[in-house]
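Chain by chain, the residues:
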Amino acid sequence: MGARMWISWSVILLLGVCVTEQAYFLEEDFIESINERAKTWKAGINFDPNTPKEYIVKLLGSKGVQVPNKLNLKMYKSGDEAYSNLFGRIPRKFDARKEWRRCITIGQVRDQGNCGSCWAFATSSAFADRLCIATNQEFNELLSAEELTFCCHLCGFGCHGGYPIKAWSYFKRHGIVTGGDYQSEEGCAPYRVPPCISDEHENNTCRGQPMERNHRCTRMCYGDQEIDYEEDHRFTRDYYYLTYASIQKDVMTYGPIEASFDVYDDFPSYKSGVYEKSENATYLGGHAVKLIGWGEDYGVPYWLMVNSWNEAWGDHGLFKIRRGTNECGVDNSTTGGIPVVY
């Protein structure tokens, strides 16, 4: 930010006027500068350039980006007897949407709204996918991001962020009910935070709005009221971090997982290709998404991810991030759990 701009903001603040810093990294000039430097991916307009910086930062609610250490090393899963069922080498390309075509939730792009609940979306969505796979499509619906966000008080801070590993722990201890998207009335407890969409004037409905306040935990079914709340809970038998070497084996065996990574100011404008952090990019926060596969683009290995910023963002709501170099901490920050099937 130039000196003149800095002085003007300082004067406004001294006058006692409440201001919101515009997200400089959403401006066309900044996006063009990304494309001049980036070699493996393309940037484009995903958000209104007038969007406040704080709005983008609010979307980043994962506190699960980390480096293995002595405190959590025992929680890293490196092997599983079920992995022995994988014949031959790990394929160069894998897409869970194609492997389990009848599991409709795997490729579903959701919208967390004006709430830092990415950690809840990524984990509950991956758990739903895994349940579908484990039951041979007998279970084929979403699990409640609403319940997880606002009832798991040990997971973190609701709309202000949470720990993905603690979400999986919640699934093991408490279980989670079904619940679809906003106003869907699908499942027991649908998501109650409205999506961030563009109105008839092309203005984002969340722009300028305060972050969603944490909801009161509702321990009853208000979506499909014929569902019994207690009986609707689904559980995992365990919860774990994954070592880099076990990620692909675990996904091929059980299904999608949660992945966290550090977000820098170039990422919100991702459009296509394999994302790599630009040189001198500025850190914004930690984010959680769902990992559904991998592959290579022009020799560059990647993870295939499903975001929760709706289908208008990125590549129809998905993105690729470089694999094998711990890009933005992603290779060390994946979590999962195995569903209990009765």
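Residues numbered from 1 in each chain as written. Predicted model: local features only at pLDDT ≥ 70, side-chain atom pairs only at ≥ 80, totals over all residues. Heavy atoms only, no water.

**Q** Would you mind going over the pairing of strand β5 (residues 257-264) in detail, with residue names and values included?
**A** In regular strands, side chains alternate between the two faces of the sheet. In terms of burial, β5 is largely enclosed, as eight of its eight residues are buried. With eight bridges connecting them, β5 and strand β7 (residues 283-297) associate as antiparallel partners. By the bridge assignment, Tyr-264 is partnered in β7 with Tyr-283. Taken together, the two bridges between β5 and strand β10 (residues 334-336) define a ladder with antiparallel strand orientation. (Buried < 20%, exposed > 50% of the residue type's maximum accessible area, 1.4 Å probe, protein only. Helix = DSSP H or I, 4+ residues; strand = E, 2+ residues; numbered from the N terminus. Pairing = 2+ DSSP bridges.)

**Q** Outline the state of the cysteines, supporting the account with residue identities and numerical values.
**A** Here the structure, examined in full by the defined rule, presents five disulfides. Covalent S-S linkage joins Cys-115 and Cys-159, the inter-sulfur distance amounting to 2.1 Å. Because the sign of the S-S torsion sets the handedness, a value of about -100° for the bond joining Cys-115 and Cys-159 places this disulfide among the left-handed ones. With Cys-115 in the loop between α4 (96-99) and α5 (118-134) and Cys-159 in the loop between α6 (145-151) and α7 (164-173), the pair connects residues that are 44 residues apart, well separated along the chain. Exposure remark for Cys-159: the relative accessible area of 1% places this residue in the buried category. Covalently, Cys-151 is tied to Cys-217 through a disulfide, its sulfur atoms 2.0 Å apart. Linking Cys-151 and Cys-217, the disulfide has an S-S dihedral of approximately 100° and is accordingly described as right-handed. Here Cys-151 is found in helix α6, whereas its partner Cys-217 is found in the loop between α7 and β4 (240-242), with 66 residues between them in sequence. Each of the two residues, Cys-151 as well as Cys-217, counts as buried. Cys-118 forms no disulfide, and the closest cysteine sulfur to it belongs to Cys-115, at a distance of 8.9 Å. (Disulfide = S-S within 2.5 Å.)

**Q** Outline the packing of α5 against α7, supporting the account with residue identities and numerical values.
**A** One can describe the packing of α5 onto α7 by two numbers: an axis separation of 9 Å at closest approach and a directional angle of 45°. It follows from the interaxial angle that α5 and α7 lie oblique. Considering only the axes of α5 and α7, their crossing is right-handed. Of the residues in α7, those touching α5 at Trp-119, Thr-123, Ser-124, Ala-126, Phe-127 and Arg-130 are Pro-164, Ala-167, Trp-168 and Phe-171. Class assignment of the residues belonging to the contact of α5 with α7 gives a composition of seven nonpolar, two polar and one charged. (Axes fitted to C-alpha atoms, helices over the stretch in contact; angles between N-to-C directions. Parallel < 35°, antiparallel > 145°, perpendicular 65-115°, else oblique. Left-handed = near helix turned anticlockwise from the far one by under 90°. Contact = heavy atoms within 4.5 Å. Nonpolar A, V, L, I, M, F, W, Y, C, P; charged D, E, K, R; others polar.)

**Q** An account of the confidence of the model for the chain is requested, with residue identities and associated values reported.
**A** On average, residues of the chain carry a pLDDT of 90, and 90% of them reach 70 or more. Here residues 1-19 scores under 50 on pLDDT; set against residues more than four positions off or in separate chains, the count is 10 contacts. (pLDDT = per-residue confidence, 0-100.)

**Q** Could you give me a rundown of the pattern of salt bridges, with the residues and numbers involved?
**A** Applying the stated criterion to the full structure yields 11 salt bridges. Note that Arg-92 is salt-bridged to Glu-296, the shortest N-O span being 2.9 Å. Separated by 204 residues along the polypeptide, Arg-92 in the loop between β2 (76-77) and β3 (94-95) and Glu-296 in strand β7 bring together distant segments of the chain. Look at Arg-92 and you get exposed, because its relative accessible area is 62%. Between Asp-95 and Arg-97 there is a salt bridge whose closest N-O contact spans 2.7 Å. Relative accessible area serves as the criterion here: at 11%, Asp-95 is assigned to the buried category. (Salt bridge = Lys/Arg side-chain N within 4 Å of Asp/Glu carboxyl O.)

**Q** Which residues make up the side chain of Lys-77, and what values go with them?
**A** For Lys-77, the position within the fold is in strand β2. A distance of 2.9 Å separates the side chain of Lys-77 from the side chain of Asp-80, its partner in a polar contact. (Polar contact = N/O pair within 3.5 Å; in protein donor to acceptor, adjacent residues only side chain to side chain.)

**Q** Describe a negative patch on the surface, naming the residues involved and giving the relevant values.
**A** On the surface, a cluster of negative charge is contributed by Glu-27, Glu-28, Asp-29, Glu-32 and Glu-36. Structurally, Glu-36 is set in helix α2 (residues 28-37). (Patch = residues over 30% accessible without salt bridge, like charges linked within 9 Å, V, L, I, M, F, W, Y side chains within 5 Å. Areas by Shrake-Rupley, 256 points an atom, 1.4 Å probe, with all protein chains shown as cover. Lys, Arg positive; Asp, Glu negative; His and termini not counted. Charge placed at Lys NZ, Arg CZ, Asp CG, Glu CD.)

**Q** Explain α7 to me, and be specific about the residues and the numbers.
**A** Within α7, seven of the 10 residues are buried, leaving the element largely enclosed by the surrounding structure. The complete set of buried residues in α7 reads Pro-164, Ile-165, Ala-167, Trp-168, Ser-169, Tyr-170 and Phe-171. The elements touched by buried residues of α7 are α5, α6, β4, β5, β7 and β10. Looking one or two places after α7, you find Gly-175, whose phi comes out positive at around 80°.

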